[in-house]
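Fold and geometry: a report
Here is how the chains run, residue by residue.
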Amino acid sequence: MTARYAIYYAPRSNDPLSVAASQWLGRDAFSGANLERAPVEALSGLDLDALTASPRLYGLHATLKAPFELHQDQTEAALVAAVKDFCATYRPFSADIAPMALSAFIAFRITSSPTDMQALHEACVRAFEPFRAPLSDADLARRRKAALTPLQDERLVAFGYPYIFEDFRFHMTLTGAVPDEALRNRIVAALRDHFSASSGPHTFWGLSLFKQEARDQAFKIIQQSAFRA
């Protein structure tokens, strides 16, 4: 099966946020190793493996350019070089982050002005589009199971993902869906305490290139590039 790539934001491997989130998710996206989860006493009795099953496949990340197969005229080496070149044109920026609910999910979200992140997302969507192969009919059908607007469907075809530009919401996912509001609020409170040392001002320092060898495998970080402008 063809590999997929994605342009994500992820903290450096030695960032306390990255370490704490990898332990929470039970997997290190840098090495691919499964990790022993640190206990969260406030969530005792919950199946944390099930709660984190979906985000564990990706590792802590925020989507800037959604997963894509490489265009037939491109190579992984060219993509790696393009990420480095792109990062040379950007400066690091800071914003406050904290665990919050996003619909039924819980994620780290920006709690201050998201302007810089919004601009970065839009630039990534466009800059790396030449590397994306067109979506297969199966992928189009899968995405269209959601109730897309005509504009979202147009963007799905044009850019490979429907929730971009004004529909973009920065988030680094920490859980799967938690439909029960009371339970969701309990988990948010516990995670705010658990990640208290990592919440607040955060420096967005660069881009991460993730790779998924096959659709039934987890994503791994294969390159990180710092903003150098």
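Residues numbered from 1 in each chain as written. Predicted model: local features only at pLDDT ≥ 70, side-chain atom pairs only at ≥ 80, totals over all residues. Heavy atoms only, no water.

Points about the sheet that holds strand β5 (residues 172-173)
Within a beta sheet, neighbouring strands are joined by backbone hydrogen bonds and run either parallel or antiparallel to one another. What counts, and what does not: The criterion for strand pairing is that DSSP finds at least two bridges linking the strands in question. The numbering of helices and of strands both runs from the N terminus, where a helix is a DSSP run of H or I of at least 4 residues and a strand a run of E of at least 2. Two residues qualify as a contact provided that any one of their heavy atoms is within 4.5 Å of a heavy atom in the partner residue. Where helices are involved, their axes are fitted lines through C-alpha atoms of the stretch in contact, as for all axes, and angles between N-to-C directions lie from 0 to 180°.
Across the sheet, which stays open at both edges, the 4 strands sit in the order β5-β4-β3-β6 with antiparallel pairing between neighbours. The sheet is open, and its two edges are formed by β5 and β6 (200-204), each paired on a single side. Judged from the 6 bridges that link them, strand β3 (residues 93-102) and strand β4 (residues 105-110) form a sheet pairing that is antiparallel. Residue pairing for β4: Met-100 is matched across the bridge by Ala-107. The strands touched by helix α8 (residues 181-194) are β3 and β4; relative to β3, the strand with the most contacts, the crossing angle is about 145 degrees.

Here's the deal with the pattern of salt bridges
For the record, the criterion: One side-chain nitrogen of Lys or Arg within 4 Å of one carboxyl oxygen of Asp or Glu is enough to make a salt bridge. Relative accessibility under 20% of the residue-type maximum defines a buried residue, over 50% an exposed one, and the middle range a partly exposed one, all with a 1.4 Å probe and only protein chains included.
Per the counting criterion, the structure on display carries 10 salt bridges. Among the salt bridges present, the one from Arg-142 reaches Asp-139, with a minimum N-O distance of 3.4 Å. Placement of both Arg-142 and Asp-139 in helix α6 (residues 137-143) is noted, with a separation of 3 residues, approximately one turn of the helix. Note on Arg-142: relative accessible area 41%, which makes it partly exposed. With a closest N to O distance of 2.9 Å, Arg-215 and Asp-139 form a salt bridge. In this pair, Arg-215 sits in the loop between β7 (206-212) and β8 (220-226) while Asp-139 sits in helix α6, placing the two residues 76 residues apart along the sequence. What you see here is one network of salt bridges that share partners, running through Glu-69, Asp-139, Arg-142 and Arg-215.

A few points about the side chain of Ser-18
If you trace the backbone, Ser-18 turns up in helix α1 (residues 16-25). For Ser-18, a relative accessible area of 7% corresponds to the buried category. In this structure, Ser-18 is in contact with Pro-11, Arg-12, Ser-13 and Phe-30, ignoring residues within four places of it in sequence.

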